[in-house]
Structure formats: structure tokens, C-alpha cells
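# Breakdown of the fold
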Amino acid sequence: IDYGGVACHVLFEWDLRHDQFDLERLEHAWNALIQRHDMLRMVIGDDGQQRILEHVPEYRIERRNLSALSADEQERTLGQTRQELSYRVLPAERWPLFELIASKLDGERYRLHMNLDLLLFDVQSFKVMAAFYRGGSPEPLQITFRDYVLGEQARRQTEDWLRSWCYWQDLLAELPPAPSLPLSDGDPDGHQPSFTTYQATLDR
């Protein structure tokens, strides 16, 4: 859409120590997560339909060795990686819709970058991932995302749902229009948007 061009995703970065966080263990847990949760094998075709891939290759965390760089060069390279991942729009028709990169800083430290498309993930996903990393073996899933969608569609045929839908349809004509916001004079097409987060605190 106009003035868009950025994926609905989240980018996490952690500075970790090799003696406190095992990258190989994370990679093993991540692949176990992919096998258990079908949505992590999901792609979306040109027709807008989701498909679950039955088999996907083992996912390997990309390793980038920055240990030979100076501190300034490391910071510049890490900043480039953040910029690259922040504005990456992963093609929804191609697996995977996530990226994990480990930037090695020296023999003891590395930065883990995790770019997750929110077509697949939510906050609860991280709790499941943590369980796998700790060596847990969650019970097999009793329901797939497809089961959930079919259940939601069936609910829309109930009397309560239809009554609520009709109520809001009747009310729509009386609701005020969307606010008319000023837009940039520039042509949004072909330009990479840039977003800045501002924070402020209101007093009591």
C-alpha cells in the first residue's frame, strides 16, 4: 500500500556469551519447533492461499564472523545488519519466513539477530521456543491452524454471531468517517520508507 513497504515483522537482537547460551542447542530446538508447528512451514501463494509444506530442509542459523574487525568496524557492520533486517520484506511464497543470524564478536561473545514475520509468530510463540531450548518435550499438538480456521468459520454460522454481525452492519452508516490526515507530497512508489519510534511520558 502507499507509504507502506515494510513487513509486519519483529526484529530482536541479543548480546550473548558462548558459555551462557549454546547456539547449536538453539538451532536444534528451532528445528524441533519447525517440525511440531505447521505454521512455521507455511507459505502463501499468488492466490492468497496458505500452504503448509510437509517437508522443509533443516534450518541453519547463519554465522557471520566479525572477530577480525576493530570495535568501530564491528559496530558499523552490526548496524548494517540491523538496517538490512529492519527493512527486509521476506517473500511470502518462499520458505522460510524468518531469519536467524549470529554475528561472532570474539571468542566469547556474539550477537543473535532474529527477524520474525508476524504472519507466523505471536508473543506466545516464544514461550514454546524456550521450552524446547531447555530440553522440554511438549506434547504433540491436538489441533492445527487449519482446524482453528474451520472452527472459526463454523462459528460464523451461529445465531449469536450473525446477530452481532447484523448489528454492526446496520450501525456502519451512522459512524463518522476516518480522519483526513495530511500526506507527503512526494510519490511513495519506489522509495524506501523510514520509521522512527518516539516515546514520551504524560504526567498524572
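Residues numbered from 1 in each chain as written. Predicted model: local features only at pLDDT ≥ 70, side-chain atom pairs only at ≥ 80, totals over all residues. Heavy atoms only, no water.

What follows deals with the confidence of the model for the chain. Of the residues in the chain, 97% have a pLDDT of 70 or more, and the chain-wide mean is 90. Per-element confidence in the chain is highest for strand β4 (residues 62–65), whose mean pLDDT is 97, and lowest for helix α3 (residues 123–133), whose mean pLDDT is 75. (pLDDT = per-residue confidence, 0-100. Helix = DSSP H or I, 4+ residues; strand = E, 2+ residues; numbered from the N terminus.)

Right, let's get into the pattern of salt bridges. A complete count under the given rule lists 15 salt bridges for this structure. The salt bridge involving glutamate 13 is made with arginine 82; its shortest N-O contact spans 2.6 Å. With glutamate 13 in strand β1 (residues 9–17) and arginine 82 in helix α2 (residues 71–86), this residue pair connects regions lying 69 residues apart in the sequence. Between aspartate 19 and arginine 17 there is a salt bridge, with its nearest N and O atoms 3.3 Å apart. Through salt bridges that share partners, Glu62, Arg64, Glu84, Arg88 and Glu99 make up one connected network. (Salt bridge = Lys/Arg side-chain N within 4 Å of Asp/Glu carboxyl O.)

Okay, the sheet that holds β1 next. Here four strands make up an open sheet; going across it, the order is β1-β6-β5-β4 and the pairing mixed. Edge positions in the open sheet fall to β1 and β4, since each of these has one partner strand only. When the angles between neighbouring strand axes are averaged without regard to direction, this sheet yields 20 degrees. Judged from the nine bridges that link them, β1 and strand β6 (residues 109–117) form a sheet pairing that is antiparallel. Along β6, the bridge assignment pairs arginine 17 with arginine 109. (Pairing = 2+ DSSP bridges. Axes fitted to C-alpha atoms, helices over the stretch in contact; angles between N-to-C directions.)

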